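Here is how the chains run, residue by residue.
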Amino acid sequence: MQKLIHFSRDQSGEGYVDLAIVVLVIFVLMAMLLSVYPIFTVQQSLNSTVRHIARTAEITGNAGTEIDALLDTIPSVKPDTLVWNTTWKDPGAKTIQLKTPFKVTAKKLVPLQIIGPLFGEPLVIRIEISASASGI
């Protein structure tokens, strides 16, 4: 009976269990941050791309062929859709009169894989990221 009471008071292994739980929680948080990190990098790259597109449209006054050529040569993220809010000088050629304000919005779908099971399809959530820039 005396040994049983002494054993219940001995808690020398409790620190190892606490440490194992803390390490597990830290690894789960790091894995979560690493899975979400690409969304932030795509957002920054999309912002840069839209600013570049707006600047090109300001300089050339054209949102058609020059922007298409720019998107083919640009090294950053290419948007899925571009939406222009402006008054067109020639809607067919997508030309903008100088000193006409415009706003361009780019959207991109970014896949975020939540769970990757051994058998079956992974659980993927598609997040729509948008960025906009305006110019004159």
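As a reminder, the structure under discussion sits directly above these lines.
Note that the structure is predicted; figures quoted are calculated from it, not measured. (Residues numbered from 1 in each chain as written. Predicted model: local features only at pLDDT ≥ 70, side-chain atom pairs only at ≥ 80, totals over all residues. Heavy atoms only, no water.)

## Regarding the pairing of strand β2 (residues 102-115)
Point 1. Relative to β2, strand β1 (residues 81-86) runs antiparallel, the two sharing 6 bridges. Counterpart to Leu 82 in the pairing with β2 is Ala 106. (Pairing = 2+ DSSP bridges. Helix = DSSP H or I, 4+ residues; strand = E, 2+ residues; numbered from the N terminus.)

## Remarks on the pattern of salt bridges
Point 1. In total, this model carries 2 salt bridges according to the counting rule given.
Point 2. Glu 58 is paired through a salt bridge with Arg 55; the nearest N and O atoms lie 3.3 Å apart. Taken together, the positions of Glu 58 and Arg 55, both in helix α2 (residues 14-60) and 3 residues apart, correspond to about one turn of that helix.
Point 3. Between Lys 108 and Asp 80 there is a salt bridge, and its shortest N-O distance comes to 3.6 Å. With Lys 108 in strand β2 and Asp 80 in the loop between α3 (65-73) and β1, the pair connects residues that are 28 residues apart, well separated along the chain. (Salt bridge = Lys/Arg side-chain N within 4 Å of Asp/Glu carboxyl O.)

## A short note on the sheet that holds strand β3 (residues 123-135)
Point 1. Here we have 3 strands laid out as an open sheet, ordered β1-β2-β3, and antiparallel in their pairing. Each having just a single partner strand, β1 and β3 make up the two edges of the open sheet. Here the strands of the sheet are splayed against their neighbours by 20° on average, with no regard to which way each runs.
Point 2. Contacts between α2 and the sheet are confined to β1, β2 and β3, with β3 contributing the most and set at about 30° to the helix. (Axes fitted to C-alpha atoms, helices over the stretch in contact; angles between N-to-C directions. Contact = heavy atoms within 4.5 Å.)

## Digging into the environment of Ala 106
Point 1. Mapped onto the secondary structure, Ala 106 falls in strand β2.
Point 2. Accessibility expressed as a relative area gives 0% for Ala 106, which makes it buried.
Point 3. Taking the C-alpha atoms as reference, Ala 106 lies 8.7 Å from Thr 49; in sequence the two are 57 residues apart. (Buried < 20%, exposed > 50% of the residue type's maximum accessible area, 1.4 Å probe, protein only.)

## Focus: the nonpolar core
Point 1. Among the nonpolar cores identified, the biggest contains 22 residues, and Ile 53, Trp 84 and Val 104 are the most heavily contacted of them.
Point 2. Those elements that place two or more of their residues in this core are α2, α3, β2 and β3.
Point 3. Sort the elements by how many residues they give to this core and α2 lands first, with 7 residues.
Point 4. What Val 104 contacts, discounting residues up to four positions off in sequence, is Val 50, Ile 53, Ala 54, Leu 82, Val 83, Trp 84, Ala 131, Ser 132 and Ala 133. (Core = buried A, V, L, I, M, F, W, Y, C linked by side-chain atoms within 4.5 Å.)

## Thoughts on α2
Point 1. Here α2 contains 47 residues, and its C-alpha end-to-end distance of 70 Å stays within 8% of the 69 Å for a straight helix at 1.5 Å per residue.
Point 2. For α2, the principal kink sits at Val 36 and spans about 30°; a proline, Pro 38, occurs within the next four residues.
Point 3. Three or more residues of α2 are buried, namely Ile 39, Val 42, Ser 45, Leu 46, Thr 49, Val 50, Ile 53, Ala 54, Thr 56 and Ala 57.
Point 4. If you follow the buried residues of α2, they end up packed against α3, β1, β2 and β3. (Expected span 1.5 Å × (residues − 1). Bend = angle between axes of the 7 residues up to and from the residue.)

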